[in-house]
Amino acid sequence: MLVIVALSFSLAIMISIPAGVVANQESTQNLTQRFNSTITETEQQINQSTTLIECSTSSGSMFSRPPSDMSGPPSGMFNRSGFSFTREEFYMNESVVTTISSIAGVKDVVPFLVESSSETTQETITTPRGDFIMSRPLYTITGVCLNSSFIDEYSVLPTDITAGRNLREGDSGVLLMSLNLSKYYGVGVGDEVEVNGTSFAVVGIYDQAGQNPVETRGVYMNLTDAQTTTGEAGNVSRLDVYAEDVSVVDSINTQIQTMYSSEINAREITVSTYADRLANLQSQETSYTELLNNAESTVAQTQSVANQEIIVALAATSLIVLFVMLYTVRERTKEIGTLKAIGFSGWSVMSQFMLEGVILSLAAGVVGIGIGTVAAPILSGVLLPAINPFGSRSTGFQTSGFASAVSLGSSSASAVVTPTIMLFALGAAVLLGAVGSLYPAWRASRTRPAEAMRYE
Amino acid sequence: MSEAVSEAVLKTDKVTKVYTMGKREVRALSDLNLQVNKGEFVAIMGPSGSGKTTLLNVLGCLDKPTAGKVVLDGVDVSKLPERELYKIRRNKIGFIFQTFNLLPYLSACENVELPMETTKRPKNERRQRARELLKLVGLSGREDHRPQRLSAGEQQRVAIARAMANDPAIILADEPTGNLDTENKYEVIRLLANLNINRGTTIVIVSHDSQVASHTERMLLLRDGKIAKEKQGLHLVKKKLMCPYCGSKIQPNDERCPSCKKRL
């Protein structure tokens, strides 16, 4: 019995290791897949808008200790070990719309006001470098210029409406709400909701497309309504400038850069063309590919550690079988002598002991698989070096929503014993049983009956 | 009973066995000549260290003689390699041990079947023969008992049935009564005697117990690896169905002489 326990533990270890390796490989593969699909999606979006020049006001980040008399967390605050980022919001005056529209070659200028709610939620985000508590705005208000030609021509509004209707020209005092938010608040089409003290009727629910927080927890409304309810009358935070043709994008870009050079230099406004966005995506792709390569090389290292450990486990298992069977043969010398005396050949005695060794380790194999299946996550954690694809760099927050979408919750690989591994383990058990009992069985078969009889 | 007519089942020619213990050589058997004829019941006697067990091992192909010849049922077994010897042991010899040597995890019936295991006999035939043999040794109804649930005498009877399994040319018994009390001792020796009379089985036993030995047909006294003395046993008289003590007529299965009441 003790033997089966010892053997099954060593087999459990043996199956936990490949389980862990497989889990690590799978988690890296998942990561690569998610990364590739995000890249593809983003690339498609960029390619669809070659004539678009984006002018966004940026939020200048400042490092500061949180004020001691802070009544509530400021919007968009990352909190970690006492330090915090506070965002300083910048806005453009609506007059900019007229100014930019007058530039030669500009077809349309679509203004937006994107404003975070003052209500926040606390979220714990697990990253390879530790847990972060992040307080995020509960929802994001997007004010859209509800001009029917804009709605038709450019994707200024969400398209996937699950209930009610979309916003249209002339709408006022109504809003379009994301599915997430509607679930969160338990409101539906026709209900009245209050945004910063102003009442709005919900006219439609849309399904959030991407992972972008603006989309998953957003409300869309008339630009003027948004400006009034957030107290930013006459201000916009983003302008989508559409050129008449791709050929004039560069000249428009140059003129905007010249006009607002001071704001752009102060990083209050960012202007980006198709080429800029593509370049940005490519640089992100490069840095991510590097990270994934790191992860893959770590997995490869793990694999070699695992190989060594499996060899040790195999050796240990067959040694256990060897010693147990040697002991058994010794214990049963007299029985072997008797069997040979009454006419059993050396071969049949040998095969009987081999069979016994195989059955013993097969039984241990079954028990070991049981233990291994339960204990694999723990055992593989102990036995294998931890996989951390984001090794030395904390990237989760550095880049945009895209990066965090890929990185968050990525690397907690948990070992699962697959049927393939079980079969492999059973096969190994049989093989080890045979190998380990080969010598003892041979010794049993060579025992001279006359000597065996004297043995007590 | 003329020697010339009798067919020799077992014959040795100047058998010598030397054990090397460290630097010392021990001569256990020295130029021993022996003949056992078909249907004989022979006892080999001698003090401990006289070479009784060594002789039996050599006769039973459990050990090879250092020199000399052992001819068993017409085959010179001293020249056979191990891969042939097991067939001789299986088909020509039945072994009975002092300590019974039954396999503890097998039933009485399975123990008796064991020597037939490597033969070509079909399974049900083996089972049937094992049951018949157990009935012959008086153990019908106990076929499925494990050895630990049988008395010492019953265990030895299972071992006798096992020795008979492949219808051997000769049964070799090493101190078959050594571990038995008086009652079981006579039970076993009578069983062997009856097998010899009723079935004509050739039996050689080794014993240092002269009482047991006296129930055989011929006693060989071994000393210093040689046969020192030979005398007739009670069994020879019993074979002639005459009480060895008072000379009155007896039946083969009688436990005691009907007239003088002495134990046979």
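Residues numbered from 1 in each chain as written. Chains lettered and ligands numbered in written order. Predicted model: local features only at pLDDT ≥ 70, side-chain atom pairs only at ≥ 80, totals over all residues.

### Regarding the overall build of chain B
Thought 1: Looking only at helices and strands, chain B features eight helices and 10 strands.
Thought 2: By the burial criterion, 45% of the 264 residues in chain B qualify as buried.
Thought 3: The contacts of chain B with a sequence gap of at least 6 include a subset with a gap of at least 24, amounting to 63%. (Helix = DSSP H or I, 4+ residues; strand = E, 2+ residues; numbered from the N terminus. Buried ≥ 20, exposed ≤ 12 C-beta atoms within 10 Å, placed from the backbone. Contact = placed C-beta atoms within 7 Å.)

### Some points on the overall build of chain A
Thought 1: On a plain count of helices and strands, chain A comes out with 14 helices and 17 strands.
Thought 2: Scored against the burial criterion, the 456 residues of chain A give a buried share of 34%.
Thought 3: Once local pairs closer than 6 in sequence are excluded, the contacts in chain A between residues at least 24 apart make up 81%.

### With respect to the sheet that holds strand S1 (residues 8-21) of chain B
Residues and elements named next belong to chain B.
Thought 1: The strand order across the open sheet built from four strands is S2-S1-S4-S5, with neighbouring strands paired in antiparallel fashion. Both edges of this open sheet fall to strand S2 (24-37) and strand S5 (75-76), since each of them pairs with a single strand only.
Thought 2: Pairing between strand S4 (residues 67-72) and S5: two bridges, direction antiparallel. Considered in S5, the bridge of Leu 72 is made with Val 75.
Thought 3: Along the sheet, helix H1 (residues 52-59) contacts S1, S2 and S4; its crossing angle with S2, the most-contacted strand, is approximately 60°. (Pairing = 2+ DSSP bridges. Axes fitted to C-alpha atoms, helices over the stretch in contact; angles between N-to-C directions.)

### What about the sheet that holds strand S8 (residues 203-206) of chain B?
Residue and element names in this part refer to chain B.
Thought 1: Taken together, six strands build an open sheet; the order of strands is S6-S7-S8-S3-S9-S10 and the sheet is mixed. For this open sheet the edge positions go to strand S6 (93-96) and strand S10 (226-232), each flanked by a neighbour on one side alone. Taking the axes of each pair of neighbouring strands and ignoring which way they run, one obtains an average angle of 20° across the sheet.
Thought 2: Strand direction decides the pairing type here: strand S3 (residues 41-45) and strand S9 (residues 218-223), joined by four bridges, are parallel. Note on S9: the bridge partner recorded for Ala 43 is Met 219.
Thought 3: Packed on one face of the sheet, helix H5 (residues 152-164) meets S6 and strand S7 (170-174) and runs near 170° to S6.

### Some remarks on the nonpolar core
Thought 1: Among the nonpolar cores identified, the biggest contains 111 residues, and Ile15(A), Ile44(B), Val112(B), Leu134(B), Leu172(B) and Val204(B) are the most heavily contacted of them.
Thought 2: When residues in this core are grouped by element, the largest group, 11 residues, is from helix H1 (residues 2-48) of chain A.
Thought 3: For Leu134(B), the contacting residues outside a window of four places in its chain are Ala108(B), Cys109(B), Val112(B), Leu139(B), Ser140(B), Glu143(B) and Ala161(B).
Thought 4: One finds Ile100(A), Val202(A), Val203(A) and Val249(A) within the second-largest nonpolar core, a separate group that totals 37 residues. (Core = buried A, V, L, I, M, F, W, Y, C linked by C-beta atoms within 7 Å.)

### Side note on the interface of chain A and chain B
Thought 1: Across the contact, 13 residues belong to chain A and 15 residues belong to chain B.
Thought 2: Going through the elements one at a time, helix H10 (333-341), helix H11 (346-383) and helix H14 (449-454) of chain A are the ones with two or more residues in the side of chain A that touches chain B.
Thought 3: At five residues, the largest contribution of residues to the side of chain A that touches chain B is made by H10(A).
Thought 4: Taken together, the residues of the side of chain A that touches chain B sort by class into five nonpolar, five polar and three charged. (Nonpolar A, V, L, I, M, F, W, Y, C, P; charged D, E, K, R; others polar.)

### Brief notes about the confidence of the model for chain B
Thought 1: Chain-level pLDDT for chain B is 87 on average; 94% of the residues reach the 70-or-more range.
Thought 2: Two summary scores accompany this predicted model of the complex, namely pTM at 0.61 and ipTM at 0.84. (pLDDT = per-residue confidence, 0-100.)

### A word on the environment of Thr418(A)
Thought 1: Examined against the element boundaries, Thr418(A) turns out to sit in the loop between helix H12 (401-407) and helix H13 (419-446).
Thought 2: Thr418(A) sits in the partly exposed class, given 15 other C-beta atoms within 10 Å.

### So, the packing of H5(B) against helix H6 (residues 182-199) of chain B
Residue and element names in this part refer to chain B.
Thought 1: Axis separation between H5 and H6 bottoms out at 9 Å; the angle between their running directions is 15°. Between H5 and H6, the angle is such that the two are roughly parallel. H5 and H6 meet at a crossing whose hand is right-handed. Contacts from Ala 152, Gly 153, Gln 156, Arg 157 and Ile 160 in H5 reach Asn 184, Glu 187, Val 188 and Leu 191 in H6. (Parallel < 35°, antiparallel > 145°, perpendicular 65-115°, else oblique. Left-handed = near helix turned anticlockwise from the far one by under 90°.)

### Re the pairing of strand S14 (residues 218-222) of chain A
Residue and element names in this part refer to chain A.
Thought 1: The element S14 is largely enclosed, with a buried count of five among its five residues.
Thought 2: For strand S9 (residues 140-144) and S14, the ladder comprises five bridges, and the chain directions are parallel. Paired with Ile 141 across the strands is Val 219, a residue of S14.
Thought 3: Relative to S14, strand S11 (residues 174-178) runs antiparallel, the two sharing three bridges. If you follow Met 177 over to S14, its bridge partner there is Val 219.

### Digging into unusual backbone geometry
Thought 1: In this structure, Lys14(B) takes a positive phi of about 50° despite not being glycine.
Thought 2: Structurally, the position occupied by Lys14(B) is in strand S1.

### A word on helix H6 (residues 223-230) of chain A
All names here are of chain A.
Thought 1: All of the buried residues along H6 are Asp 225, Ala 226, Gln 227, Thr 229 and Thr 230.
Thought 2: Elements in contact with the buried residues of H6: strand S6 (106-116), S9, strand S12 (192-195), strand S13 (198-206), S14 and strand S15 (235-236).
Thought 3: Backbone geometry just downstream of H6 places Gly 231 in the positive-phi region, at approximately 75°.

### A word on the confidence of the model for chain A
Interpretation of this model should avoid reading the predicted coordinates in detail wherever pLDDT is low.
All names here are of chain A.
Thought 1: Of all residues in chain A, 79% have pLDDT values of 70 or greater, and the mean over the chain is 76.
Thought 2: Per-residue pLDDT, averaged within each element of chain A, yields its smallest value for strand S2 (residues 60-64) (37) and its largest for S13 (90).
Thought 3: Note that pLDDT drops below 50 for residues 60-87; the model gives that stretch 40 contacts with residues more than four away or on any other chain.
Thought 4: Note on residues 389-412: pLDDT is under 50 here. Beyond four places in sequence and across chains, it has 48 contacts.

### Considerations on the packing of helix H9 (residues 274-331) of chain A against H11(A)
Residues and elements named next belong to chain A.
Thought 1: Between H9 and H11, the shortest axis-to-axis distance is 12 Å and the interhelical angle comes to 145°. Seen along the crossing, H9 lies across H11 with a hand that is right-handed. On H11, the residues that touch Glu 309, Val 321, Met 325 and Val 329 of H9 are Phe 353, Gly 357, Ser 361 and Leu 383.

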